[in-house]
Amino acid sequence: MTMDEIISFVAGLDGVLAVRPGPDDGSPEISWGDAYFFYSPDGVVPPATQPFATIVAKDYPGDESSRLDRPDTFRVNIAAGKESFRHWTGHAPREPASNDDPGAADAVRAHPVYGSLGWLAVVNPGHRTDTAVRELLRTAHRLARTRAERRKGQRRRVRRGRADACGLSADEDTF
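Conventions and cut-offs
- Residues numbered from 1 in each chain as written.
- Predicted model: local features only at pLDDT ≥ 70, side-chain atom pairs only at ≥ 80, totals over all residues.
- Heavy atoms only, no water.
- Helix = DSSP H or I, 4+ residues; strand = E, 2+ residues; numbered from the N terminus.
- Buried < 20%, exposed > 50% of the residue type's maximum accessible area, 1.4 Å probe, protein only.
- Areas by Shrake-Rupley, 256 points an atom, 1.4 Å probe, with all protein chains shown as cover.
- Pairing = 2+ DSSP bridges.
- Arc of directions from axis to C-beta.
- Phe/Tyr/Trp six-rings, centres within 6.5 Å; stacked < 30°, edge-to-face > 60°.
- Lys NZ or Arg CZ within 6 Å of the ring centre and 35° of its normal.
- Contact = heavy atoms within 4.5 Å.
- Axes fitted to C-alpha atoms, helices over the stretch in contact; angles between N-to-C directions.

Within the protein, the secondary structure is distributed over 3 helices and 6 strands. Starting at the N terminus, the α and β elements of the protein follow one another as α-β-β-β-β-α-β-β-α. Within the protein, the fraction of its 175 residues that count as buried is 42%. If you sum the accessible surface of the protein, you get close to 10,100 Å²; carbon and sulfur atoms cover 50% of it.

Here is the structure:
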């Protein structure tokens, strides 16, 4: 799988906003060339929300163990939930990880920095992980959509409560 194939696949999922930072968008230079995926049906980066998946093509400070500075090397990072994490790693996110090589290609493993938060990572996905990466990305997308819908419902309830307290209709743009 290439970066572009993965980006096309994820961008094709319902409600996905794919962000590819570059020099003309005000993003930090270190993020240029990477990709970030959000569940955002309105096409706007949601505030205070992490992406559900990313693709990075270089080492970041404190995250050099995958050795992404090698030519034609990138890593897909996926927040696919605790169940998927346990399935692929054999342990819970907060349990100690094995001493796997985080730079080994075409293998699903705990993210070298964010594994304790349940993130999985695959360096240069290939034939062994193609199906798994697609399924993990679908799972991460589903979880992100569920979280977004839950937050939206909570905002509606808060808005309705405020409107009721003021004797207004919750449909008014006052809140």
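Turning our attention to the pairing of strand E2 (residues 35-39). Counting buried positions along E2 yields 5 of 5 residues, so the element is predominantly enclosed. Where burial is concerned, the two faces of E2 agree: the one with Ala 35, Phe 37 and Tyr 39 and the one with Tyr 36 and Phe 38 are both buried. Bridge count for strand E1 (residues 16-19) against E2 is 4 bridges, and the pairing is antiparallel. What sits directly across from Ala 18, in E2, is Phe 37. One ladder, built from 3 bridges, connects E2 with strand E3 (residues 53-56); its direction is antiparallel. Residue pairing in the sheet places Ala 35 in a bridge with Ile 55 of E3.

Think of an α-helix as 3.6 residues a turn; residues three or four steps apart then line up on the same face. Every buried residue of helix H1 (residues 3-11) is listed here: Met 3, Ile 6, Ile 7, Phe 9 and Val 10. The buried residues of H1 occupy one face: seen down the axis, they fall within an arc of 165 degrees.

Here the focus is the packing of aromatic side chains. Enumeration according to the criterion identifies 0 aromatic pairs in this entry. The aromatic ring of Phe 9 is capped on one face by Arg 134, whose charged end is 5.1 Å from the ring centroid.

Right, let's talk about the sheet that holds E3 for a bit. Strands sit in the order E1-E2-E3-E4-E6-E5 across an open sheet of 6 strands; the sheet is antiparallel. Of all the strands in the sheet, just E1 and strand E5 (109-110) have a single pairing partner and so form its edges. Relative to strand E6 (residues 120-123), strand E4 (residues 75-78) runs antiparallel, the two sharing 4 bridges. Counterpart to Arg 75 in the pairing with E6 is Val 123. In the packing of helix H2 (residues 81-89) onto the sheet, contacts are made with E5 and E6, and the angle to E6 comes to roughly 50 degrees.

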